[in-house]
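Structural overview
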Amino acid sequence: MNFSSAQMYDVFFWLHIISYFCWLSAFAGSLFYGLKVWQENDLQPQQNFMHFERLVTSIGGHIGALGILISGVALTSMGPYHWGWFRVQLYPWLAAKQVLFIIILVLIPFSIKRSMDFKNKLQNEELSDSAKAESWRKAYRMSLVVYFLVVVDTILGLTKPGLG
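Quick look at the structure, then. Because the structure is predicted, anything quoted here is derived from the model rather than measured.

**Description of unusual backbone geometry**
Its identity is not glycine, yet K160 carries a phi of approximately 45°, on the positive side. Positionally, K160 belongs in the segment after helix 4 (129–159). You can call K160 partly exposed: its relative accessible area is 33%.

**A look at the pattern of salt bridges**
Scanning the model with the defined rule gives five salt bridges in all. For E53, the salt bridge goes to R54, with nearest N and O atoms at 2.7 Å. In this structure, R141 engages E134 in a salt bridge whose closest nitrogen and oxygen atoms are separated by 3.7 Å. Looking at R141, the relative accessible area reads 45%, which means it is partly exposed. When salt bridges that share partners are traced, they join E134, R137 and R141 into one network.

**Let's talk about the nonpolar core**
The biggest cluster of nonpolar side chains holds 17 residues, and the ones touching the most others in it are W23, I104, V146 and V150. Secondary structure elements with two or more residues in this core: helix 1 (5–39), helix 2 (43–77), helix 3 (92–123) and helix 4. Tallying contributions element by element places helix 4 first for this core, with six residues. Those residues in contact with V146, other than ones at most four positions away along the chain, are W23, I104 and L107. Counting eight residues, the second largest nonpolar core, distinct from the first, contains V37, F49, M50 and A133.

**Quick word on the packing of aromatic side chains**
A complete count under the given rule lists eight aromatic pairs for this structure. Between F13 and W14, the aromatic rings sit 5.5 Å apart at their centres with planes inclined by 85°, giving edge-to-face as the arrangement. Among the aromatic side chains, those forming a connected cluster through ring pairs are F32, Y33, F49 and F52.

**Considerations on the environment of G162**
Following the sequence through the fold, G162 ends up in the segment after helix 4. Residues G162 and Y91, 71 residues apart in the sequence, show an inter-C-alpha distance of 7.7 Å.

**Details of helix 3**
Compared with the 46 Å implied by 1.5 Å per residue over 32 residues, the 46 Å span of helix 3 between its first and last C-alpha is a close match. In the structure, helix 3 departs most strongly from a straight axis at L107, where the bend amounts to approximately 30° and where the proline P109 lies between one and four residues downstream.

**A short note on helix 1**
The end-to-end C-alpha separation of helix 1 is 51 Å, in line with the 51 Å expected for 35 residues at 1.5 Å each. Taken residue by residue, helix 1 has Y9, F12, H16, S19, Y20, W23, A26, F27, G29, S30, G34 and V37 as its buried positions. For helix 1, the elements touching its buried residues are helix 2, helix 3 and helix 4.

**Considerations on the side chain of E53**
You can see E53 is positioned in helix 2. Exposure remark for E53: the relative accessible area of 0% places this residue in the buried category. Not counting chain neighbours up to four residues away, the residues in contact with E53 comprise S30, Y33, G34, W136 and Y140.

Procedures and definitions
Residues numbered from 1 in each chain as written. Predicted model: local features only at pLDDT ≥ 70, side-chain atom pairs only at ≥ 80, totals over all residues. Heavy atoms only, no water. Helix = DSSP H or I, 4+ residues; strand = E, 2+ residues; numbered from the N terminus. Buried < 20%, exposed > 50% of the residue type's maximum accessible area, 1.4 Å probe, protein only. Salt bridge = Lys/Arg side-chain N within 4 Å of Asp/Glu carboxyl O. Core = buried A, V, L, I, M, F, W, Y, C linked by side-chain atoms within 4.5 Å. Contact = heavy atoms within 4.5 Å. Phe/Tyr/Trp six-rings, centres within 6.5 Å; stacked < 30°, edge-to-face > 60°. Expected span 1.5 Å × (residues − 1). Bend = angle between axes of the 7 residues up to and from the residue.

This is the structure we're talking about:
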């Protein structure tokens, strides 16, 4: 089976879109479980919701980030646009999108570190429940920052402001 350059571009384009969808779906799942954590008064279900929220964020974030990174690199080197080193003045939306994605990639390790810290504290029977909850809140806040940047990045990609 031999794929043309245009077909490969389409494959990577759709991988890019699906990856954003995975990341945004993880955001929705994170908000859902985060709301459940805040609504729940019983400790055990609350910690279960915290665990599920971290799981959704971890899986969706990893799939989304990897898919976007791989497909983005491929898209810049092929297809009808050949973005490569594009002229920032002509495509400021793309420059802003790239800068935001770099910031997201820098923040992801911090988010992962906070999630791992929460996971370790959740498994530690000796720690207080308030310490576990505070650890989750730190991880959750970091994830919300990343998700917010992903949403802004997605809006820039969808609207392409300035190309009117």
